[in-house]
Number of protein chains: 2
Amino acid sequence: MEFLEKILRKITPSREEYLTMGKVASKVLTAAYSVLNELQIDAKPEIHGSYSKDTWLSGEGDIDLFILFPSNIPLSKMREQGLYVAERVAEKLKCCAKHRYASHPYLELHINDVKVDIVPGYYVRTYEEVKTPVDRTRLHTIYVLHNLKKEQRGHVRLLKKFFKALGLYGAEIKVQGFSGYLIELLIIKYGTFINALKSIAEWKPYKVSISLEEAVQPGKFNEPLVFIDPVDPRRNVAAAVSEENLWKAIAAAQAFIENPSECFFNVEHADREEVFELLKNRETFLLALVYHFNRYLPEDVVWGQLKRAERKLKNFLERKGFKIFSTASWYENARAAVFLEASTPTLPPVFERKGPPINAQGVKLFLAKYSKTGAVAGPYIKEGKWHVLLKRKKRDLTEILEENIDKIGVPQELLKAYKGIRLGENLAELFESQEYVDFLYYWLRRKEPWLECVEN
Amino acid sequence: MEFLEKILRKITPSREEYLTMGKVASKVLTAAYSVLNELQIDAKPEIHGSYSKDTWLSGEGDIDLFILFPSNIPLSKMREQGLYVAERVAEKLKCCAKHRYASHPYLELHINDVKVDIVPGYYVRTYEEVKTPVDRTRLHTIYVLHNLKKEQRGHVRLLKKFFKALGLYGAEIKVQGFSGYLIELLIIKYGTFINALKSIAEWKPYKVSISLEEAVQPGKFNEPLVFIDPVDPRRNVAAAVSEENLWKAIAAAQAFIENPSECFFNVEHADREEVFELLKNRETFLLALVYHFNRYLPEDVVWGQLKRAERKLKNFLERKGFKIFSTASWYENARAAVFLEASTPTLPPVFERKGPPINAQGVKLFLAKYSKTGAVAGPYIKEGKWHVLLKRKKRDLTEILEENIDKIGVPQELLKAYKGIRLGENLAELFESQEYVDFLYYWLRRKEPWLECVEN
């Protein structure tokens with residue numbers, strides 16, 4: 001498969017890129033050493049992540065600088081001192097830094113167009129010492145550097161790019177896919193890009209439990225895909241992969257094995273006009289609930305809430321009688337939206353309500369409620385249960401949503417940020433970025449992208 | 001419960017009625033004897049049915065004259081001679097007779113406003129000799145005359161009237177309810193009207209198997225209600241009672257026991273204007289498929305076909321995506337109609353089609369079919385299966401029905417008689433009779449009639 005060579009050339013960073021990254025890395029490392037020295041703080045700066053493992057994709061390199069404290073320092077002190085050190089480093093680099101939050105606060109800055117995250121953590125040697133999730137990163141770097149052969153780095157890059165084109169690269173809630181570390185482990189396990197795909201093609205959700213160590217007993221995890229972390233057997237590296245996304249990976253892997261082509265790595269971008277067209281010709285009912293936040297919220301927190309809101313809204317509307325084809329969410333610059341696609345904007349005027357079985361407790365209440373009031377028909381007996389036909393008071397999806405918005409179970413944080421509903425073509429203009437346009441395009445088309453590659 | 005006395009007075013035939021019925025009975029019997037004598041045919045005329053058992057309701061008496069042949073005559077000869085005798089009897093009585101057909105042909109005539117059925121059959125003494133279903137009638141008469149006490153006839157009349165008011169009196173396919181003989185047996189079993197209702201109130205479909213004889217082993221029948229015929233243990237007298245109707249009987253019996261009143265025996269009649277009003281204010285989609293037959297068809301045959309057509313139409317339309325609240329049928333004077341009530345006249349423009357699981361055989365076919373053509377969205381993976389959103393070509397219920405009318409499984413006989421579709425208020429005028437107006441009224445209201453009696 002010569003085309004893989006071609007793709008590899010595209011996604012391997014250029015000499016120039018390596019130079020830039022190297023410069024930035026040494027700059028931040030130097031600054032960190034000097035700040036720690038000045039402040040007389042006993043911590044060790046280290047660079048981890050895909051840059052340190054040389055598995056990053058061309059054009060997407062970033063630097064993860066860890067400020068690692070000895071494990072005898074209390075968590076609160078580590079966080080406080082860590083953030084202080086990070087701020088001093090940013091100052092020294094004359095960079096404007098943004099505060100971010102994952103499992104605990106960290107700093108994000110940009111140097112020569114390279115994103116640099118400065119993350120405090122503990123310096124650990126084994127998983128028993130791990131206190132915060134970021135501490136494990138150091139162990140991951142060491143494991144990969146020891147176990148991933150140099151010639152396998154290209155295979156990691158290919159597999160990352162493959163998943164990226166499918167929209168399955170990343171363990172964050174927004175994506176619920178395959179993390180960089182998981183992809184590295186898959187190459188360590190299966191040797192090559194092709195062998196990894198051959199194995200993935202055979203997977204079945206909830207039937208796969210992969211381990212690199214003999215000793216680990218299976219069956220401890222109940223996620224759709226299990227890959228036990230070789231540096232910490234208590235952790236499933238693939239915990240983030242949703243069942244839906246696992247199916248998508250399996251199907252794509254099968255298709256690639258059967259029909260390998262460059263096309264699988266292509267990512268089609270859309271423009272806003274195209275999305276307008278899709279929205280205009282759509283004969284479904286498309287709706288977005290819009291949220292504006294007053295303050296910065298950690299992305300994973302917002303995404304978690306958006307996903308919960310999707311589920312709650314879908315269940316609520318389906319209980320009311322709507323058919324919801326799909327839901328989706330977007331978050332960008334302290335604004336968010338939950339999208340719904342329904343088959344119709346209104347419900348039929350009359351519906352059938354199922355009541356209790358004829359021998360059940362609630363019968364008298366049900367009959368008292370409906371036999372005098374203006375039921376369209378009934379109460380009547382059907383399949384051993386009481387039923388009535390009733391006229392709907394509210395039939396309009398938008399109206400029903402707006403009236404019940406605070407009773408559906410949408411997280412409070414979102415409710416406070418709620419800014420109303422937008423419909424149809426207006427959805428194209430809710431956010432600024434190209435990523436949003438692409439997201440909307442892919443959500444509306446909803447076609448697995450690799451299908452374009454197997455058609456003839 | 002004094003009101004029961006009052007009702008009993010209303011439903012017991014008057015002296016005058018007894019006189020009329022007696023006159024007609026002896027007329028037809030005399031005529032039959034004389035015809036058989038003239039033709040030198042070895043058969044015995046006997047009167048059976050509710051008149052001979054004195055359990056008929058005032059105003060509803062009819063005469064069942066059986067021409068009973070010895071069992072050594074072949075069936076074809078018995079039928080031929082039987083019908084010939086019946087025709088001669090009608091001639092002698094100067095009556096114009098209609099040919100009818102149940103399990104075999106018989107004659108219906110009217111004398112002094114009394115309906116007389118002349119039915120050929122075999123003269124049998126035990127069920128082992130029974131050759132045609134009508135032969136058993138003689139055994140039923142004998143059994144009831146021997147086992148139903150004279151003072152219990154009133155209880156039979158009350159129970160008949162009770163079921164009649166519920167629309168559950170009659171074993172024909174049109175009604176799928178309780179036959180007169182079954183009601184007589186219930187009174188023989190439980191003694192009184194009230195005791196019968198108390199027992200019915202405790203019934204559960206598929207859990208009741210009643211026998212008047214010790215020797216009969218249960219579990220041979222799988223109908224919702226089982227009452228083993230005391231004159232023929234191979235037969236379930238309650239075979240015709242549908243589960244739906246059994247539930248209705250149970251619920252009504254429970255209500256009566258708890259809240260006994262005259263009201264349960266009332267039958268409310270409607271007028272065409274009322275039905276017009278109901279149709280006009282209905283916000284559902286009401287439709288009738290109309291059938292005109294060229295020739296007379298036995299009622300039970302047509303009703304069987306209509307019921308089958310109801311099921312087939314409902315299933316077909318629900319597979320297409322419609323919500324069918326209810327179906328019903330009517331037959332009168334060689335015309336018939338099947339009624340449907342749907343929640344909407346049209347389907348949404350777009351629907352979701354579920355395809356094969358991703359590892360299944362049909363995947364390639366499904367993808368080839370939908371990935372190039374203009375699917376609204378997809379093919380996409382959802383819950384491990386391929387799906388697409390598709391535009392509907394036809395959305396209109398009437399149109400979809402008309403296009404598929406011959407592919408749905410509606411019986412051929414009906415298809416040949418099909419005369420098109422009528423909608424909404426037009427349904428009020430499809431048939432002439434008061435019975436039709438009442439039927440439509442009850443079907444549209446669909447309220448169990450006795451509910452009026454327990455409201456407060």
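Our structure is the block above this text.
Treat the numbers as computed from the prediction; the structure is a model and nothing was measured. (Residues numbered from 1 in each chain as written. Chains lettered and ligands numbered in written order. Predicted model: local features only at pLDDT ≥ 70, side-chain atom pairs only at ≥ 80, totals over all residues. Heavy atoms only, no water.)

1. Description of the overall build of chain A
Along the backbone of chain A there are 16 helices and 15 strands. Considered along the principal axes of its C-alpha atoms, chain A spans approximately 85 × 55 × 50 Å. Residues counted as buried form 55% of the 456 residues belonging to chain A. Nonlocal contacts in chain A, meaning residues at least 24 apart in sequence, comprise 67% of its contacts between residues at least 6 apart. Total accessible area computed for chain A in this model is approximately 21300 Å², and 48% of it derives from carbon and sulfur atoms. Charge-centre separation for chain A: the mean point of 68 positive side chains lies 6 Å from the mean point of 61 negative side chains. (Helix = DSSP H or I, 4+ residues; strand = E, 2+ residues; numbered from the N terminus. Buried < 20%, exposed > 50% of the residue type's maximum accessible area, 1.4 Å probe, protein only. Contact = heavy atoms within 4.5 Å. Areas by Shrake-Rupley, 256 points an atom, 1.4 Å probe, with all protein chains shown as cover. Lys, Arg positive; Asp, Glu negative; His and termini not counted. Charge placed at Lys NZ, Arg CZ, Asp CG, Glu CD.)

2. Remarks on the relation of the copies chain A and chain B
The two chain copies are related to each other by a rotation about an axis together with a translation along it. Superposing chain A onto chain B takes a rotation of 180° combined with a translation of 0.0 Å along the rotation axis, leaving an RMSD of 0.1 Å. In the structure described here, the two chain copies are related by an operation that fits a two-fold rotation axis. Looking at chain A, 100% of its interface residues are interface residues in chain B too, so the copies touch through the same face. (Least-squares fit on C-alpha atoms with pLDDT ≥ 70 in both.)

3. Focus: the packing of helix 7 (residues 180-190) of chain B against helix 8 (residues 193-200) of chain B
All names here are of chain B. For the pair helix 7 and helix 8, the least separation of the axes is 8 Å and the interaxial angle reads 95°. The angle between helix 7 and helix 8 falls in the class roughly perpendicular. Counted together, L186, I187 and Y190 of helix 7 and F193, N195, A196 and S199 of helix 8 form the full contact between these two elements. In terms of residue class, the contact of helix 7 with helix 8 is made up of five nonpolar, two polar and no charged. (Axes fitted to C-alpha atoms, helices over the stretch in contact; angles between N-to-C directions. Parallel < 35°, antiparallel > 145°, perpendicular 65-115°, else oblique. Nonpolar A, V, L, I, M, F, W, Y, C, P; charged D, E, K, R; others polar.)

4. Focus on unusual backbone geometry
Residue and element names in this part refer to chain A. Of note, the amide linkage connecting G378 to P379 takes the cis form, showing an omega dihedral of 5°. Phi angles above zero are rare outside glycine, and Q40 is one such case at about 55°. With respect to the secondary-structure elements, Q40 resides in the loop between helix 2 (15-39) and strand 1 (44-48). One non-glycine residue with positive phi stands out, namely E383, at about 50°.

5. Focus: the interface of chain A and chain B
Residue-level contacts link 48 residues of chain A with 48 residues of chain B. Among the residues of chain A in contact with chain B, E283(A), F325(A) and I381(A) are the three that bury the most area, contributing 14% of the side total. Across the contact surface, chain A and chain B share six salt bridges. With a closest N to O distance of 3.1 Å, E283(A) and K391(B) form a salt bridge. There are 21 residue pairs in polar contact (both at pLDDT 80 or more) connecting chain A and chain B. When residues in the side of chain A that touches chain B are grouped by element, the largest group, seven residues, is from helix 9 (residues 243-258) of chain A. (Buried area = accessible area lost by both parts, 1.4 Å probe. Salt bridge = Lys/Arg side-chain N within 4 Å of Asp/Glu carboxyl O. Polar contact = N/O pair within 3.5 Å; in protein donor to acceptor, adjacent residues only side chain to side chain.)

6. Details of the pairing of strand 13 (residues 377-382) of chain B
The element strand 13 of chain B is extensively covered by neighbouring structure, given that six of its six residues are classed as buried. The antiparallel pairing of strand 13 of chain B with strand 14 (residues 385-391) of chain B creates a hairpin that spans two residues between the two strands, and E383(B) there sits at a positive phi of about 50°. (Pairing = 2+ DSSP bridges.)

7. Remarks on helix 7 (residues 180-190) of chain A
Residues and elements named next belong to chain A. Where burial is concerned, most of helix 7 is hidden: ten out of the eleven residues are buried. Among all positions of helix 7, only G180, Y181, L182, I183, E184, L185, L186, I187, I188 and Y190 are buried. Of the residues trailing helix 7, G191 is marked for its positive phi of about 90°.

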